[in-house]
Amino acid sequence: MKKTLILLLIIGFASLVSNDVSTVLAAEPAETQDTVAIRPPV
Amino acid sequence: MQIGSLIKYHRTKQKMTQSELAEGICSVPHLSKIENNSKEANVETIRLVLDRLEIDLHDVEESEVKVEVLLNQLLQNMLYLETEKAVSTFLELQVYKEMVPFTKHIYLYEIYKLRYYLFTKDLDFADEQIKWLNAQRQNFSQHESYLLSYFTGIFLILRGKYEEADEKISAILQEYYETNTFEGEIYYHLALVKGYMYQSGHAINYGKKALNFFKDHFNFKRILHVQMSLAINYSQSKIYDEALDNYQHLVRNTEMLKETALLPHIYHNIGDLRHRMGDYEQALHYFKKSAVIFQERTENYLLCLYNLALTEFKLEKWDDSKISFTLLNKEAKEMKVSPYQLYSSYYLFLLNDKKQKAMTFLEEKILPSIEKADEQKEFYRYFSKILAEYYKNEGKYEKAVKYIL
């Protein structure tokens, strides 16, 4: 019973972490471009 | 003119003692006070001392005026990007090098020398000069102090330290009201820095201010540079019509002003714009047009080859892409430019169906080696994103998060 409870807790925690990660992934930062422009001289 | 210092300098250069120089003219303590600039000597005493040292006072005064004229000329040459004239003015100034420390232009001369090193991209000299100038800073006028800050800002841009450069140059706009001669340049450099920092709105704003200044002052070369900066930032902001419009003006103006060295850069950037618009065929057309006229053995040429190969990759022209990345790899190796060697190797792994190896190479070789290189920031963002996507698709979320910037 105790072991099952601990296992459930671990699974619960793991899914929580995984949810967090998914949220971070969904909120991707500013767009990254493939190509890079040549800047004018300084 | 610091006449006392000038006398002391020439006396010691001619290995004379104070008593030898003063003999029959004035007392030794009197000469000592003159040399330390702590006493106003009468004209006759000065004339006799200078005669003994075989220095013509008229020549000395003329030199001071000449130094002032040359300093102004050097500044104008640099502001209007007249490279050959700037080099020749700088060489002419060197004739008066020994005289400058005795004039009121001592610090301005050294500060313009810093600007000249930045102009000729001698960054190690510039670095040394900045250290020396900072040690003298307590003696500077407000104008000199502001010039040092501004030129240090330009140095930071050239070293790829954009955040620090932004801080330095923005502070000048807030602290000094009389930017006058440098107003256009300051706006221009802020536009560049903001562009590098992906703050396109600010970059466009400063770019427009710079453009107005350069138009008023007929600085045509800088007008071309601002138009390029505006086009890049419109492109980054997805205001594609404005970007295209600017590039069209640029091509026309560049041909009209015979600034043909800029043409491959412009064609390249039109390729970059078309790529962003998703029009890969047109992008490829412009990258090819650019590569043909690019001066080989330059880093920009390597960038052009990279973008060309990448566009072929996007268009799934696998054989063409393989040829282009192989050429890039070879050129980068010969030029000893390691980032492009790494980037091309990564794509060559992919093109040879070694995806797993490509990703390991990306994670273990590419990202660690460019992580701290300021000038490779845009590539670091790009490759991190690829790796994040890869791990996300593999379900390895913790690893994916690590590469989301």
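Cut-offs applied
Residues numbered from 1 in each chain as written. Chains lettered and ligands numbered in written order. Predicted model: local features only at pLDDT ≥ 70, side-chain atom pairs only at ≥ 80, totals over all residues. Helix = DSSP H or I, 4+ residues; strand = E, 2+ residues; numbered from the N terminus. Rg over C-alpha atoms; globule rule 2.2 N^0.38 Å. Buried ≥ 20, exposed ≤ 12 C-beta atoms within 10 Å, placed from the backbone. Contact = placed C-beta atoms within 7 Å. Domains from an automatic or database assignment. Nonpolar A, V, L, I, M, F, W, Y, C, P; charged D, E, K, R; others polar. Axes fitted to C-alpha atoms, helices over the stretch in contact; angles between N-to-C directions. Parallel < 35°, antiparallel > 145°, perpendicular 65-115°, else oblique. Left-handed = near helix turned anticlockwise from the far one by under 90°. Core = buried A, V, L, I, M, F, W, Y, C linked by C-beta atoms within 7 Å. pLDDT = per-residue confidence, 0-100. Expected span 1.5 Å × (residues − 1).

**What to know about the overall build of chain B**
At step 1: Counting secondary structure elements, chain B contains 22 helices and zero strands.
At step 2: Taken over the C-alpha trace, chain B has a radius of gyration of 28 Å; the compact-globule value for 405 residues is 22 Å, which it surpasses by more than 25%.
At step 3: Principal-axis analysis of the C-alpha atoms gives chain B an extent of 95 × 45 × 40 Å.
At step 4: Residue burial in chain B is summarised as follows: out of 405 residues, 39% are buried.
At step 5: Looking at chain B alone, contacts between residues at least 24 apart form 50% of all its contacts between residues at least 6 apart.

**Digging into the overall build of chain A**
At step 1: Within chain A, the secondary structure is distributed over one helix and zero strands.
At step 2: Across the 42 residues in chain A, those meeting the buried criterion constitute 10%.

**Some remarks on the domain arrangement of chain B**
At step 1: Domain parsing of chain B yields domain 1 (3–55) and domain 2 (62–178).
At step 2: Measuring from the centre of the C-alpha atoms in domain 1 of chain B to the corresponding centre in domain 2 of chain B gives 32 Å.

**Considerations on the interface of chain A and chain B**
At step 1: With 18 residues of chain A at the contact, the number on the chain B side is 32 residues.
At step 2: Across the side of chain A that touches chain B, the residue classes tally to eleven nonpolar, four polar and three charged.

**Things to note about unusual backbone geometry**
Residues and elements named next belong to chain B.
At step 1: Phi at Lys15 is positive, roughly 55 degrees, even though this residue is not glycine.
At step 2: When you line up the elements, Lys15 lands in the loop between helix 1 (3–13) and helix 2 (18–22).
At step 3: By the C-beta count within 10 Å, which is 7 here, Lys15 ends up exposed.
At step 4: At Lys258, a residue that is not glycine, the phi angle is positive and equals roughly 55 degrees.
At step 5: Structurally, Lys258 is set in the loop between helix 14 (240–256) and helix 15 (263–276).
At step 6: You can call Lys258 exposed: it has 7 C-beta atoms within 10 Å.

**Regarding the packing of helix 15 of chain B against helix 17 (residues 299–314) of chain B**
Residue and element names in this part refer to chain B.
At step 1: Where helix 15 contacts helix 17, the two axes come as close as 11 Å, and the packing angle between them is 30 degrees. When the axis of helix 15 is compared with that of helix 17, the two are roughly parallel. When you trace helix 15 past helix 17, the crossing you get is left-handed. In this structure, helix 15 uses His265, His268, Gly271, Asp272 and His275 to contact helix 17, whose residues at the interface are Asn300, Cys304, Asn307 and Thr311.
At step 2: Each residue belonging to the contact of helix 15 with helix 17 can be placed in one class, and the counts come to one nonpolar, seven polar and one charged.

**Describing the nonpolar core**
Residues and elements named next belong to chain B.
At step 1: Core analysis: the largest hydrophobic core is formed by 98 residues, its most contacted members being Leu74, Ile111, Phe151, Ala191, Ala210, Tyr306 and Ala309.
At step 2: Looking at this core element by element, the count peaks at ten residues for helix 7 (residues 106–119).
At step 3: Counting eleven residues, the second largest nonpolar core, distinct from the first, contains Ile3, Ala22, Leu31 and Ala41.

**Points about the environment of Gly207 of chain B**
Residues and elements named next belong to chain B.
At step 1: In this structure, Gly207 sits in helix 12 (residues 200–216).
At step 2: You can call Gly207 buried: it has 29 C-beta atoms within 10 Å.
At step 3: In this structure the C-alpha to C-alpha distance between Gly207 and Ile223, which are 16 residues apart in sequence, comes to 9.7 Å.
At step 4: Those residues in contact with Gly207, other than ones at most four positions away along the chain, are Ala191, Val226, Ser229, Leu230 and Asn233.

**A few points about the confidence of the model for chain B**
At step 1: Mean pLDDT over chain B: 92, with 99% of residues reaching 70 or higher.
At step 2: Two numbers describe this predicted complex: its pTM, 0.82, and its ipTM, 0.80.

**A short note on the environment of Tyr107 of chain B**
All names here are of chain B.
At step 1: Relative to the assigned elements, Tyr107 resides in helix 7.
At step 2: In the structure, Tyr107 is positioned 34 residues away from Ser141 in sequence and 9.2 Å away in space, judged by C-alpha atoms.
At step 3: For Tyr107, the contacting residues outside a window of four places in its chain are Gln136, Asn139, Phe140 and Glu144.

**Some points on helix 11 (residues 183–196) of chain B**
Residue and element names in this part refer to chain B.
At step 1: Spanning 14 residues, helix 11 covers 20 Å between terminal C-alpha atoms, matching the ideal 20 Å at 1.5 Å per step.
At step 2: Counting buried positions along helix 11 yields 13 of 14 residues, so the element is predominantly enclosed.
At step 3: Directly after helix 11, the chain includes Tyr198, whose backbone phi takes a positive value near 60 degrees.

**A closer look at helix 17 of chain B**
Residues and elements named next belong to chain B.
At step 1: Spanning 16 residues, helix 17 covers 23 Å between terminal C-alpha atoms, matching the ideal 22 Å at 1.5 Å per step.
At step 2: In terms of burial, helix 17 is largely enclosed, as twelve of its 16 residues are buried.
At step 3: The inward-facing, buried residues of helix 17 abut helix 15, helix 16 (280–293), helix 18 (318–335) and helix 19 (338–351).
At step 4: Once helix 17 ends, the next one or two residues include Glu316, with phi positive near 60 degrees.

**A word on the confidence of the model for chain A**
At step 1: Within chain A, residue pLDDT values average 59, and 24% of them lie at 70 or more.
At step 2: Predicted confidence is poor over residues 13–30 of chain A, with pLDDT under 50, and the contacts of this stretch with residues over four places away or in other chains come to 13 contacts.

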